[in-house]
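Next come the chains, spelled out residue by residue.
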Amino acid sequence: MQVFGAKLPTFSEFVNRYVPRLINKTEGTYTYGANNKLPQEIIQMVSNNAAILKALRLRSKYIYANGFQKSGDFIVDIETGKTANQLFKEIVFQKSLFGSVDLYIKKKMTGDVIGASPLSHELIRRRIDGDFEMNPKWGMSDFLRSDTVVYKAFTQGKPKEVKRDKKGNLLGEILYHWNKDAISYFYPIPDWFAGEMDIRTSIELSAMDLEMAVNSFMTSGILTLVGGQELTEAEEGQESYIDQVTKLLTKFTGGIKNTDGTSDRMRMLLLTAPNKDAVPVLQSFPVDKLISGSIEKRESVDRLVAMNAGVNPVLLGYDAATTLGNTQAMANAKNMLSDFVITDQEDIKQAFSMLWPNEDWSITRLKAVGQIDPKVMEALTENEKRALEGYEPNVSTTN
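Remember, predicted model here, so these are calculated numbers, not experimental data.

K.L.:
For this particular structure, what's the right way to read the packing of aromatic side chains?
P.N.:
Where two aromatic rings form a pair, the distance of their centres and the angle of their planes describe that pair. As enumerated under the stated definition, the model contains 17 aromatic pairs in all. For the cation-ring pair, Arg57 lies above Phe93, with the distance from its terminal atom to the ring centre recorded as 4.0 Å. Just above the ring of Tyr185 sits the side chain of Lys180; from NZ or CZ to the centre is 4.4 Å.

In structure tokens, the structure reads:
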């Protein structure tokens, strides 16, 4: 395995500060991240954080807008009858998540494309010879190299070489389109991934809140039982005093639930003692600042996560009601996002143009209504106004 650098990095060492450029010469492939599991780890990370997931979903909405301007109804798969806009919707989130367009292409021997369908980006690996490998179990414990299937890269025109699977069936080609640069070198690395530390911080803060809710002792104190060996001694078949108290106190956490799904948190705690000297001593432990600090920190970090994805936090509800009610401020935030995703739209336009060069693949854009001249607004129909905000046409007004 060839390593570009003085030391072989691991994902735990670098996390995101450095995405190594590795080549596995034995298998003839480029390694995706430090351990060839980077896309799987991206999926896991995003699925564990609501802020980045919502930001990427909203970003996808703005990339799609209202689909293609002129060729949305163009049939991109003769067998299924799928339209260009339908395919666009299927691939747009993956474009936001990974930064690439990944399609399985079916062609005639003449070179005409007769079908295109989305592929799972995380299952694809690039080969040094220009081909692609797909394996449904990349990153899994039961991964088998023998399950890997090699596909030719998409080329315009007649196929120069045709590959078959183990059963002899003809295989299509893979269109794997992304913008190669110093960061996205062997594979696409989305810009939002530069904020991975913020996302992981948000995940940990969420986990801490859950742990406080489930494991916290709601009397918020340290209980000291005064006594010696007699606290732990017990007759056969009986519980010791310390065991009884421990079981009782556990009910005041979220670890033990009643049949109705609640616990005994916040209820009165009753303990008995054989004498005054054995009365438990309670030491208060204030946690209010810890809890409030965690809440404030979470919102602050989640705002950073949204901004790293190019989404103004106000569009995800991370702001005061006065801002959310400010039409112009909201319009500005929406237009910023609309401008931010132009590069993604251009990438998708280029991918479709490679497949069907004779069609116009210009993509619509979402423009906030607050920014449109009032005189222009008066001339628009109801459905044209709805389209500006990304809503579907009102069927009652189209007939």
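K.L.:
In this structure, what is going on with the sheet that holds strand β7 (residues 113-118)? I would like to understand it.
P.N.:
Ordered in space as β7-β6-β11-β10-β9-β8, the six strands form an open sheet in which the pairing is mixed. Looking at the sheet topology across the chains shown, the edges are occupied by β7 and β8 (124-126). Each strand axis lies, on average, 40° off the axis of its neighbour in the sheet, ignoring direction. Bridge analysis of strand β9 (residues 132-134) against strand β10 (residues 149-153) gives three bridges, and the strand direction is antiparallel. Within β10, the position partnered with Phe132 by the bridge is Tyr151. Contacts from helix α10 (residues 342-355) reach β6 (101-107), β7 and β11 (173-177) within the one sheet, and its direction differs from that of β11 by about 150°.

K.L.:
Is there a simple way to think about a nonpolar patch on the surface in this case?
P.N.:
Taken together, the side chains of Met109, Val162 and Leu170 make up a nonpolar region of the molecular surface, amounting to roughly 290 Å² of accessible area. By the element assignment, Met109 lies in the loop between β6 and β7. Owing to a relative accessible area of 55%, Met109 belongs among the exposed residues under this scheme.

K.L.:
What is the right way to read the side chain of Ser60 from this model?
P.N.:
Checked against the element boundaries, Ser60 lands in helix α3 (residues 50-64). On the accessibility criterion, Ser60 (5% relative accessible area) is buried. At 2.9 Å, the side chain of Ser60 forms a polar contact with the side chain of Ser96. Non-local contacts of Ser60, meaning those with residues more than four positions away in its chain, are made with Val92, Phe93 and Ser96.

K.L.:
Explain the pattern of salt bridges here, please?
P.N.:
Overall, the coordinates contain 16 salt bridges when judged by the stated rule. Lys82 is paired through a salt bridge with Glu90; the nearest N and O atoms lie 2.9 Å apart. The class for Lys82 is buried, based on a relative accessible area of 16%. In this structure, Arg127 engages Glu133 in a salt bridge whose closest nitrogen and oxygen atoms are separated by 2.6 Å. Here Arg127 and Glu133 have matching classes, each one buried. Residues participating in the shared-partner salt-bridge network are Glu27, Arg127, Asp129, Glu133 and Arg145.

K.L.:
For this particular structure, what's the right way to read the environment of Glu382?
P.N.:
On the secondary structure map, Glu382 appears in helix α12 (residues 382-388). Residues Glu382 and Pro393, eleven residues apart in the sequence, show an inter-C-alpha distance of 8.3 Å.

K.L.:
Before we go on, may I ask you to explain the environment of Asp77 in this structure?
P.N.:
As for its placement among the helices and strands, Asp77 is situated in strand β4 (residues 75-77). Considered as a pair, Asp77 and Ala116 are 39 residues apart in the sequence and their alpha carbons are 5.8 Å apart. Here the side chain of Asp77 touches Glu79 through a polar contact of 3.1 Å, landing on its backbone nitrogen.

K.L.:
Could you clarify how one ought to interpret the nonpolar core in this entry?
P.N.:
In a soluble, globular protein the nonpolar side chains are often hidden away together inside. Ranked by internal contacts, the top residues of the largest apolar core, which has 73 residues, are Trp192, Ile348, Phe352 and Leu355. Top contributing element to this core by residue count: α3, with eight residues. The contact partners of Leu355, leaving out residues within four places of it in the chain, are Leu103, Ile105, Val113, Ala116, Phe154 and Leu175.

K.L.:
What exactly am I supposed to notice about the confidence of the model for the protein here?
P.N.:
When pLDDT drops low, the exact placement of atoms in the prediction is not to be read closely. For the protein, the average pLDDT comes to 82, and 76% of its residues sit at 70 or higher. Overall, residues 1-17 carries pLDDT values under 50, and its contacts beyond four positions in sequence, including any with other chains, amount to 37 contacts.

K.L.:
So what exactly am I meant to see when it comes to the pairing of β7 here?
P.N.:
Sheet faces and side chains relate simply in a regular strand, where the side chains alternate between the two faces. Pairing of β6 with β7 involves five bridges; the strand directions are antiparallel. Looking at β7, one finds that Tyr104 is bridged to Ser117. Linkage of β6 to β7, two consecutive antiparallel strands, is achieved through a turn of five residues, within which Gly111 is found at a positive phi near 100°.

K.L.:
Sorry if this is basic, but what is going on with helix α2 (residues 38-47) here?
P.N.:
Think of an α-helix as 3.6 residues a turn; residues three or four steps apart then line up on the same face. Most of α2 sits inside the fold, with seven of its ten residues counted as buried. Among the residues making up α2, those that are buried are Leu38, Pro39, Gln40, Glu41, Ile42, Met45 and Val46.

K.L.:
I tried to follow the side chain of Asn85 on my own but got confused; where do I start?
P.N.:
Counting through the fold element by element, Asn85 comes out in helix α4 (residues 84-98). A polar atom in the side chain of Asn85 sits 2.9 Å from the backbone nitrogen of Phe68. Residues within four places of Asn85 in sequence aside, it is in contact with Tyr64, Asn66, Gly67, Phe68 and Gly72.

The rules behind each value
- Residues numbered from 1 in each chain as written.
- Predicted model: local features only at pLDDT ≥ 70, side-chain atom pairs only at ≥ 80, totals over all residues.
- Heavy atoms only, no water.
- Phe/Tyr/Trp six-rings, centres within 6.5 Å; stacked < 30°, edge-to-face > 60°.
- Lys NZ or Arg CZ within 6 Å of the ring centre and 35° of its normal.
- Pairing = 2+ DSSP bridges.
- Helix = DSSP H or I, 4+ residues; strand = E, 2+ residues; numbered from the N terminus.
- Axes fitted to C-alpha atoms, helices over the stretch in contact; angles between N-to-C directions.
- Contact = heavy atoms within 4.5 Å.
- Patch = residues over 30% accessible without salt bridge, like charges linked within 9 Å, V, L, I, M, F, W, Y side chains within 5 Å.
- Areas by Shrake-Rupley, 256 points an atom, 1.4 Å probe, with all protein chains shown as cover.
- Salt bridge = Lys/Arg side-chain N within 4 Å of Asp/Glu carboxyl O.
- Buried < 20%, exposed > 50% of the residue type's maximum accessible area, 1.4 Å probe, protein only.
- Polar contact = N/O pair within 3.5 Å; in protein donor to acceptor, adjacent residues only side chain to side chain.
- Core = buried A, V, L, I, M, F, W, Y, C linked by side-chain atoms within 4.5 Å.
- pLDDT = per-residue confidence, 0-100.

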